[in-house]
Amino acid sequence: ARPTRPAAGRKSFCARTCMRGKACLRPHRRVVWLAVRTRFTRHQLRPTRRSHLDLDEVDSGLYRASSKLLWVPPGGKSVFGGQVMGQALHAAQLTVHRDSWLPISLHSYFLKRGSPNSDIIYQCRETSNLRSFDSRSVDAIQNGQIIFKMQAQFARPEESQLRHVERADGVTGMPRGVVAPDECLGMDDLLGDLMARAPAALLPLIEELRASPIEVRYAVGAPHDPLDPDPPSMPSRQLLWVRIREPITKAPGLDAACAAYISDQPLLLTALRPHRISFPSPKLGALATLDHSMWFHGPFDADDWLLYDMHAPFAGSGRALCFGHLYRPDTGQLVASCAQQGVLRLAKPTLKNKAALFAMRGAGLLDRLRAAALGWTSGGERGAGATDSSASH
């Protein structure tokens with residue numbers, strides 16, 4: 001039923017609270033419409049609880065992400081960039097009022113750090129509404145400042161006789177010889193093994209990593225061991241199986257928003273592999289996305305397995321450039337491509353960083369020192385050998 005409007009000229013004000021608990025001083029008529037609008041526009045990606053991409057509609061073209069849903073990745077200091085990008089694309093999709101129109105590209109810039117303590121407001125503008133394409137501009141605003149900008153474009157799916165897919169190595173389609181995801185080592189398996197070996201100071205961090213909404217399995221090999229003080233150098237390319245853990249409600253553009261969420265997390269980490277650094281690591285001084293672009297080529301389900309092929313052809317001047325491609329395993333079709341540039345800097349060799357490295361990898365050293373001390377006090381041959389061994393380390 002439509003709400004009853006106040007009589008003309010009546011200056012009544014709402015006694016309720018709005019936004020973050022502040023008293024509402026707007027006319028009652030406006031507040032009634034706001035309450036009706038937000039009641040039915042919570043867009044959930046999961047059937048049982050609110051997800052990282054949920055938004056509340058505040059006004060036409062204006063959406064809010066509650067601070068309760070903002071996520072800081074383990075080892076990070078600010079809101080996860082993939083979440084901001086996914087929410088912005090989701091907000092832009094909600095302003096496209098044509099049936100079956102889906103995003104085909106996005107270009108975004110991360111301007112400031114997002115705080116997990118404040119709501120984020122997404123302001124969408126209709127840049128253009130043409131016969132074949134719609135464009136939207138999105139600003140993410142927090143505490144009165146723009147922290148993120150995006151330009152997104154939408155179109156309806158259409159058949160084309162001009163079609164081909166070719167990778168940089170000249171091979172068409174999905175990379176060959178990739179092991180199926182059910183037979184690959186998963187991040188959950190790796191973290192479970194790490195829980196048994198890691199120092200107590202790292203256990204909360206590992207628990208946070210295990211709670212990630214993205215499920216990851218390693219299609220080729222395993223990553224660096226975070227507890228290895230001298231990991232080997234690896235190629236600046238990695239292949240991962242990725243998907244959203246929870247089932248996704250099927251609505252226009254939600255799979256694309258989830259793919260944007262997924263694409264940000266591992267892409268920049270590809271540039272660390274040749275430099276023998278894992279993430280998180282006290283060796284890193286800065287790791288953050290500067291700009292991210294994405295193109296969508298075909299339909300897919302983000303809660304089903306996708307092969308994420310990533311490589312980083314350049315790192316230097318405190319930055320790294322990475323490219324990624326997402327493939328459907330059932331058809332081998334390339335469904336999305338992305339490019340990302342980010343900040344990549346080493347930490348300064350301070351006493352704090354050295355202490356953090358010792359906390360991560362010093363457990364083995366402490367064990368050797370304890371064994372050496374016990375052997376020295378016993379005075380036996382085994383003790384002397386233990387002392388020499390620990391001294392050599």
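As a reminder, the structure under discussion sits directly above these lines.
All of these numbers come straight from a predicted model, not from anything done at the bench. (Residues numbered from 1 in each chain as written. Predicted model: local features only at pLDDT ≥ 70, side-chain atom pairs only at ≥ 80, totals over all residues. Heavy atoms only, no water.)

S.K.: Let's hear about the overall build of the protein chain: which residues, and what values?
M.R.: Each helix and strand counted, the protein chain has 8 helices and 15 strands in total. A buried classification covers 44% of the 393 residues belonging to the protein chain. Residue pairs in contact within the protein chain that sit at least 24 positions apart in sequence constitute 68% of those at least 6 positions apart. Of the roughly 21,500 Å² that the protein chain leaves accessible, carbon and sulfur atoms contribute 54%. (Helix = DSSP H or I, 4+ residues; strand = E, 2+ residues; numbered from the N terminus. Buried < 20%, exposed > 50% of the residue type's maximum accessible area, 1.4 Å probe, protein only. Contact = heavy atoms within 4.5 Å. Areas by Shrake-Rupley, 256 points an atom, 1.4 Å probe, with all protein chains shown as cover.)

S.K.: Can you tell me about the nonpolar core, naming the residues and giving the values?
M.R.: Core analysis: the largest hydrophobic core is formed by 64 residues, its most contacted members being Leu-106, Tyr-122, Phe-148, Met-150, Met-294, Phe-296 and Leu-326. Not counting chain neighbours up to four residues away, the residues in contact with Met-150 comprise Met-85, Ala-88, Leu-89, Leu-106, His-107, Ser-108, Arg-136, Ser-137 and Val-138. Within the second largest apolar cluster, 9 residues are counted, among which are Cys-184, Ala-219, Leu-239 and Leu-307. (Core = buried A, V, L, I, M, F, W, Y, C linked by side-chain atoms within 4.5 Å.)

S.K.: Which residues make up unusual backbone geometry, and what values go with them?
M.R.: Phi at Ser-100 takes a positive value of approximately 70°, unusual for a residue other than glycine. Relative to the helices and strands, Ser-100 resides in the loop between α2 (81-94) and β5 (102-110). What makes Ser-100 partly exposed here is its relative accessible area of 48%.

S.K.: Lay out the packing of α2 against helix α5 (residues 254-267) in plain terms, naming residues and giving numbers.
M.R.: Where α2 contacts α5, the axes come no closer than 7 Å and their chain directions differ by 160°. With respect to α5, the axis of α2 lies roughly antiparallel. Judged by the sense of rotation from one axis to the other, the crossing of α2 with α5 is right-handed. Contact with α2, carried on its side by Gly-81, Gly-82, Gln-83, Met-85, Gly-86, Leu-89 and His-90, involves Leu-254, Ala-256, Ala-257, Ala-260, Tyr-261, Ser-263 and Asp-264 of α5 and no other residues of that element. (Axes fitted to C-alpha atoms, helices over the stretch in contact; angles between N-to-C directions. Parallel < 35°, antiparallel > 145°, perpendicular 65-115°, else oblique. Left-handed = near helix turned anticlockwise from the far one by under 90°.)

S.K.: Residue-level account of the environment of Val-96, with values.
M.R.: With respect to the secondary-structure elements, Val-96 resides in the loop between α2 and β5. Along the backbone, Val-96 and Arg-136 are 40 residues apart, and their C-alpha atoms lie at a distance of 8.6 Å. Those residues in contact with Val-96, other than ones at most four positions away along the chain, are Trp-101, Asp-134, Arg-136 and Phe-154.

S.K.: Run through the packing of aromatic side chains, naming residues and quoting values.
M.R.: Scanning the model with the defined rule gives 3 aromatic pairs in all. Considering the side-chain rings of Trp-71 and Phe-80, the 5.5 Å spacing of their centres and the 80° angle between planes classify their relative orientation as edge-to-face. The same class applies to Trp-71 and to Phe-80, which are both buried. Considering the side-chain rings of Phe-80 and Tyr-261, the 5.1 Å spacing of their centres and the 80° angle between planes classify their relative orientation as edge-to-face. With Phe-80 in the loop between β4 (62-65) and α2 and Tyr-261 in helix α5, this pair connects stretches of sequence that are 181 residues apart. Here Phe-80 matches Tyr-261 in class, with each residue buried. Members of the aromatic cluster, joined through ring pairs, are Trp-71, Phe-80 and Tyr-261. Between the NZ or CZ atom of Arg-98 and the centre of the ring of Trp-101, over which it lies, the distance is 4.3 Å. (Phe/Tyr/Trp six-rings, centres within 6.5 Å; stacked < 30°, edge-to-face > 60°. Lys NZ or Arg CZ within 6 Å of the ring centre and 35° of its normal.)

S.K.: So, the pattern of salt bridges: which residues are in play, and what are the values?
M.R.: What the rule picks out here adds up to 15 salt bridges. A salt bridge links Glu-215 to Arg-243; the shortest N-O distance between them is 3.0 Å. You can see Glu-215 sitting in strand β10 (residues 214-218) and its partner Arg-243 sitting in strand β11 (residues 237-244), a full 28 residues away along the chain. For Lys-250, the salt bridge is made with Asp-303, and the minimal N-O distance between the two is 3.5 Å. Of this pair, Lys-250 sits in the loop between β11 and α5 while Asp-303 is found in the loop between β12 (284-296) and β13 (306-316), placing the two residues 53 residues apart along the sequence. Where salt bridges share partners, they join Asp-182, Glu-215, Arg-217 and Arg-243 into one cluster. (Salt bridge = Lys/Arg side-chain N within 4 Å of Asp/Glu carboxyl O.)

S.K.: How would you explain the packing of helix α3 (residues 187-197) against helix α4 (residues 203-210) if you had to name every residue and give the values?
M.R.: For the pair α3 and α4, interaxial distance at closest approach is 10 Å and the crossing angle is 165°. The orientation of α3 with respect to α4, classified from their angle, is roughly antiparallel. Helix-helix and strand crossings are classified by hand; for α3 and α4 the assignment is left-handed. Contacts between α3 and α4 involve Asp-188, Leu-191, Leu-194 and Met-195 from the former and Leu-203, Ile-206, Glu-207, Leu-209 and Arg-210 from the latter.

S.K.: Please give an account of the pairing of strand β8 (residues 145-155) that cites residues and values.
M.R.: As paired elements, β5 and β8 share 8 bridges and run antiparallel to each other. Note that in β8 the partner of His-107 across the bridge is Gln-151. Pairing between strand β7 (residues 134-142) and β8: 9 bridges, direction antiparallel. Its bridge partner lying in β8, Ile-141 is registered against Ile-146. (Pairing = 2+ DSSP bridges.)

S.K.: Let's hear about the pairing of β10: which residues, and what values?
M.R.: Among the 5 residues in β10, 5 count as buried, and that is most of the element. Residues of β10 alternate between two faces, with Ile-214, Val-216 and Tyr-218 on one and Glu-215 and Arg-217 on the opposite face, all of them buried. Both strand β9 (residues 185-186) and β10 contribute to a ladder of 2 bridges, which runs antiparallel. Bridge assignment links Leu-185 to a residue of β10, and that residue is Tyr-218.

S.K.: An account of a nonpolar patch on the surface is needed here, citing residue identities and associated values.
M.R.: Taken together, the side chains of Tyr-109, Leu-111 and Ile-146 present a nonpolar region at the surface, about 280 Å² in accessible area. In this structure, Tyr-109 sits in strand β5. (Patch = residues over 30% accessible without salt bridge, like charges linked within 9 Å, V, L, I, M, F, W, Y side chains within 5 Å.)

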